[in-house]
Amino acid sequence: MTKRAFNFNAGPAALPLEVLEQAQREFVDYAGSGMSIMEMSHRSAIYERVNNEAQELLRELFGIPSHYHILFLQGGASTQFAMIPMNLLPAGKTGAYVHTGSWADKAVKEAKLFGETAIAATSAADKYNRIPDLASIEMPDNAAYLHVTSNETIEGTQYKAFPQTGDVPLIADMSSDILSRPVDVPKFGLIYAGAQKNLGPSGVTIVIVREDLAAESPKSVPTMLRYETHVKNNSLYNTPPSFSVYLVGLMLKWVKAKGGVSAIEQLNRDKTMLIYDKIDQSGGFYRGFADSGSRSMMNITFRLPSEELEKQFVKESEQNGFVGLKGHRSVGGLRASAYNAVPLESCKALADFMVEFQRRHG
Ligand SMILES: *Cc1c(COP(=O)(O)O)cnc(C)c1O
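Residues numbered from 1 in each chain as written. Predicted model: local features only at pLDDT ≥ 70, side-chain atom pairs only at ≥ 80, totals over all residues. Heavy atoms only, no water.

Further remarks concern the overall build of the protein chain. Within the protein chain, the regular secondary structure consists of nine helices and 14 strands. Expected size for 362 residues packed as a compact globule is a radius of gyration near 21 Å; at 21 Å, the protein chain falls within 12% of this value. Considering only C-alpha atoms, the protein chain reaches an extent of 65 × 60 × 30 Å along its principal axes. The burial tally for the protein chain puts 54% of its 362 residues in the buried class. Across the protein chain, contacts joining residues at least 24 apart in sequence account for 67% of those joining residues at least 6 apart. Carbon together with sulfur atoms contributes 50% to the accessible area of the protein chain, which is approximately 15,600 Å² in total. In the protein chain, 37 side chains carry a positive charge and 39 a negative one; their mean positions are 3 Å apart. (Helix = DSSP H or I, 4+ residues; strand = E, 2+ residues; numbered from the N terminus. Rg over C-alpha atoms; globule rule 2.2 N^0.38 Å. Buried < 20%, exposed > 50% of the residue type's maximum accessible area, 1.4 Å probe, protein only. Contact = heavy atoms within 4.5 Å. Areas by Shrake-Rupley, 256 points an atom, 1.4 Å probe, with all protein chains shown as cover. Lys, Arg positive; Asp, Glu negative; His and termini not counted. Charge placed at Lys NZ, Arg CZ, Asp CG, Glu CD.)

The N-to-C vectors of helix H2 (residues 45-62) and helix H6 (residues 242-257) enclose an angle of 40°; their axes lie 9 Å apart at closest approach. The angle between H2 and H6 places the two elements in the oblique class. Seen along the crossing, H2 lies across H6 with a hand that is left-handed. Side by side, H2 and H6 meet where Tyr 47, Val 50, Asn 51, Glu 53, Ala 54, Leu 57, Leu 58, Glu 60 and Leu 61 of the first sit next to Ser 242, Val 245, Tyr 246, Gly 249, Leu 252, Lys 253, Val 255 and Lys 256 of the second. Here the contact of H2 with H6 is composed, by residue class, of 10 nonpolar, three polar and four charged. (Axes fitted to C-alpha atoms, helices over the stretch in contact; angles between N-to-C directions. Parallel < 35°, antiparallel > 145°, perpendicular 65-115°, else oblique. Left-handed = near helix turned anticlockwise from the far one by under 90°. Nonpolar A, V, L, I, M, F, W, Y, C, P; charged D, E, K, R; others polar.)

What follows deals with the pattern of salt bridges. What the rule picks out here adds up to 15 salt bridges. With its nearest N and O atoms 3.2 Å apart, the salt bridge here joins Glu 228 to Lys 232. Linking Glu 228 with Lys 232, this pair stays in helix H5 (residues 227-232), spanning four residues, or about one helical turn. Judged by its relative accessible area of 14%, Glu 228 is buried. Relative accessible area serves as the criterion here: at 63%, Lys 232 is assigned to the exposed category. In this structure, the salt-bridge partner of Glu 310 is Arg 303, at a minimum N-O distance of 2.8 Å. Among the residues examined, Glu 310 registers a relative accessible area of 7% and is labelled buried. With a relative accessible area of 23%, Arg 303 lands in the partly exposed category. Overlapping salt bridges, with partners in common, bring together Glu 316, Glu 356, Arg 359 and Arg 360 in one network. (Salt bridge = Lys/Arg side-chain N within 4 Å of Asp/Glu carboxyl O.)

A separate point is the pairing of strand E9 (residues 190-194). The buried fraction of E9 amounts to five of the five residues, a majority that puts the element mostly inside the structure. Going residue by residue along E9, you find Leu 190, Tyr 192 and Gly 194 tucked away on one face and Ile 191 and Ala 193 tucked away on the opposite face as well. Both strand E8 (residues 170-173) and E9 contribute to a ladder of three bridges, which runs parallel. Residue Asp 173 lies in a different strand from E9, and its bridge partner there is Tyr 192. (Pairing = 2+ DSSP bridges.)

Attention shifts here to the sheet that holds strand E12 (residues 299-303). Sheet architecture is open: three strands sit in the order E11-E12-E14, paired in antiparallel fashion. In the strand order of this sheet, the two ends are held by strand E11 (287-288) and strand E14 (334-337), each with one partner. With four bridges connecting them, E12 and E14 associate as antiparallel partners. Each residue of the ladder has a partner; that of Thr 301, found in E14, is Arg 335. Sheet contacts for helix H7 (residues 261-280): E11 and E12; angle to E12, the most-contacted strand, approximately 15°.

Here the focus is the side chain of Glu 316. Take Glu 316: it is sitting in helix H8 (residues 307-319). If sequence neighbours within four positions are ignored, Glu 316 has contacts with Phe 353, Phe 357, Arg 360 and His 361.

Summed over the entire model, instances satisfying the criterion amount to 19 aromatic pairs. Consider the rings of Phe 8 and Phe 322, whose centres lie 6.3 Å apart with planes at 25°: the pair is stacked. One end of the pair, Phe 8, is in the loop between strand E1 (6-7) and helix H1 (17-25); the other, Phe 322, is in strand E13 (residues 322-323), and 314 residues separate them in sequence. What links up through ring pairs into an aromatic cluster is the set Phe 6, Phe 8, Phe 285, Tyr 286, Phe 302, Phe 313, Phe 322, Phe 353 and Phe 357. (Phe/Tyr/Trp six-rings, centres within 6.5 Å; stacked < 30°, edge-to-face > 60°.)

The two faces of a sheet get side chains in turn, since along a regular strand they alternate between them. The element E12 is extensively covered by neighbouring structure, given that four of its five residues are classed as buried. Where E11 meets E12, two bridges bridge the pair, whose relative direction is antiparallel. Looking at E12, one finds that Gly 288 is bridged to Phe 302.

In structure tokens form, the structure reads like this:
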């Protein structure tokens, strides 16, 4: 049997073994074509089917209404930080941002290059260890949109509910929690996510955008950076990242086979509770970074009594087959990323390892 790591990488991250094995089986001869998916024209009927199927599955699984477009773009979620203001932030309007941490920070910095921005709420005073109270969000009068980061991958915080924004489009960076739980898509004007955490490999970014918001871009926006271009061309304006889109399709089929997004959410809850419980039961040996009401079901961030012990934890975890547990350099400590594809067994193994580590070093 293939030896697989207990993979807690933050992104790119674990993919289901079943998905990798299916891709392996189809690798050199996709659907009897005598070619790999990577070797065929993106204008071919076979690839068009791959492209459409992935869209349809995502629509079905995530409950995306027909007046939303689904786009497969390149440039990562980071390019969306710019595309959003380029397309949706006209002069005289303000792009409002909830500042929850590292990724929200990058989003607002990029928007500042294009127009007026405002911080509608922030948890900076608490070192971003929580999502601000939704009631504390102050919208500027002339808001073009409100941007939120549904899950802060680095700090390990996550919205439990989303703000009501009325007529102002709500925009969400869901890079690190898309499809990990059901979401009321019609609440949002635009949702985007790099695929490499919950949806597949790197190289493709998913954008879900309401029809009216993608209808027209300012004249000065380059062709490739206009939502309109990709809507009109069914994400085939230029050569798409075809292998990545194909893998996203396999990943979506896997989610469906697991029982859909609600079933995945329950599994994610079970997985993360195993680890949060060990933190809470450790008598202060492990300290969670996030405030308990804002804890992420994807990225579990925690500290040990000393940096020495944190280094030791990483070292011993690696000797025991764990990967990716070192926290991001900006926060320090440890981080376990347990995205959709991370199996329950990995989380059980980590919970056991945490108990054992504390027994030896606590
Ligand atoms: C990883 C991540 C990004 C950056 O994604 P890229 O595809 O690397 O540009 C943006 N936002 C969040 C919340 C992320 O987790």
